[in-house]
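Each chain is listed here by its residues.
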Amino acid sequence: GYTVLLAANLEQVAARLGERTPGYAVVDLKLAGGGSGLACVRTLHAHDPEMLIVVLTGYASIATAVEAIKLGACHYLAKPSN
């Protein structure tokens, strides 16, 4: 029952948010073109503070985990994750 929207970079995230307000987001820490998933989390949380955001990364660190949670993510998971 979910509708999936894809965005490879921050510009596409902004475009999708202009069309809809999702309730959930799964964000990779590294975006296409060298973009930051943390900036994406900031954008998503600013658009809707109630959105549940999960950061999924193959480059996990304590520093980025803390920053992601401070920016509004509800979970931070290292790849591979089940």
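Just above sits the structure.
Notes on the structure in this doc start here. Along each chain, residues carry numbers from 1 onward, in the same order as the chain's sequence is written. Confidence filtering applies because this is a predicted model: local features only for residues at pLDDT of at least 70, side-chain atom pairs given and counted only at 80 or more, and all residues used for totals across whole chains, interfaces and linings. Only heavy atoms go into the side-chain values, all of them from the structure, while hydrogens and water stay out.

## Section: a nonpolar patch on the surface
Phase 1 of the analysis: Think of a patch as exposed residues, more than 30% relative accessible area, with no salt bridge, where like charges cluster within 9 Å and nonpolar side chains (Val, Leu, Ile, Met, Phe, Trp, Tyr) cluster within 5 Å. For the accessible areas, the method is Shrake-Rupley and the probe is 1.4 Å, while residue cover comes only from the protein chains on display. We define a salt bridge as a side-chain nitrogen of Lys or Arg found within 4 Å of a carboxyl oxygen belonging to Asp or Glu. Taken together, the side chains of Y2, Y24 and L52 present a nonpolar region at the surface, about 410 Å² in accessible area.
Phase 2 of the analysis: Relative to the helices and strands, Y2 resides in the segment before α1 (10-19). Every helix listed is a DSSP run of H or I at least four residues long, and every strand listed is a run of E at least two residues long, numbered separately from the N terminus.

## Regarding helix α2 (residues 37-47)
Phase 1 of the analysis: Exposure is judged per residue with a 1.4 Å probe applied to protein chains only, and the accessible area is read against the type maximum: over 50% gives exposed, under 20% gives buried, and values in between give partly exposed. Listing the buried residues of α2 in full gives G37, L38, A39, C40, V41 and L44.
Phase 2 of the analysis: Only heavy atoms enter the contact rule, under which two residues are in contact if any of them lie within 4.5 Å. Lining the buried residues of α2 we find α1, β1 (24-28), β2 (52-57) and α3 (62-71).
Phase 3 of the analysis: The N-terminus of α2 is capped by S36, whose side-chain oxygen sits 3.0 Å from the backbone nitrogen of L38. Pairing of N or O atoms within 3.5 Å defines a polar contact, subject to two protein rules: one partner must be a possible hydrogen donor and the other a possible acceptor, and residues neighboring in sequence count only if both atoms are side-chain atoms.

## Focus: the side chain of T57
Phase 1 of the analysis: With respect to the helices, strands and loops of the structure, T57 is situated in strand β2.
Phase 2 of the analysis: Separated by 2.8 Å, the side chain of T57 and the backbone nitrogen of Y59 make a polar contact.
Phase 3 of the analysis: Beyond its immediate chain neighbours, meaning those up to four positions away, T57 contacts D28, L29, Y76, L77, A78 and K79.

## Some words on the nonpolar core
Phase 1 of the analysis: For our purposes a nonpolar core is just a set of buried Ala, Val, Leu, Ile, Met, Phe, Trp, Tyr and Cys residues, chained together by side-chain atoms within 4.5 Å. Residues V27, V41, L44, I53 and V55 are the most contacted members of the largest nonpolar core, which totals 18 residues.
Phase 2 of the analysis: Residue assignment for this core shows that the elements contributing at least two residues are α1, β1, α2, β2 and α3.
Phase 3 of the analysis: Looking at this core element by element, the count peaks at four residues for α2.

## Points about the packing of α2 against α3
Phase 1 of the analysis: Fitted lines through C-alpha atoms serve as axes, helices being fitted only where they are in contact, and the angles separating the N-to-C directions of these axes extend from 0 to 180 degrees. At a closest axis distance of 9 Å, the pairing of α2 and α3 adopts a crossing angle of 15°. By the criterion of interaxial angle, the relationship of α2 to α3 is roughly parallel. Note that α2 runs across α3; the crossing there is right-handed. Listed contacts from α3 to L38, V41, R42 and H45 of α2 are T64, E67, A68 and L71.
Phase 2 of the analysis: Of the residues in the contact of α2 with α3, the class split is four nonpolar, two polar and two charged. Roughly parallel covers angles under 35 degrees, roughly antiparallel covers those over 145, roughly perpendicular covers 65 to 115, and oblique covers all other angles. Crossing handedness follows the turn of the near helix against the far one: under a right angle anticlockwise gives a left-handed crossing, and clockwise gives a right-handed one. Side-chain classes follow a simple rule in which Ala, Val, Leu, Ile, Met, Phe, Trp, Tyr, Cys and Pro form the nonpolar group, Asp, Glu, Lys and Arg form the charged group, and the remainder, Gly included, forms the polar group.

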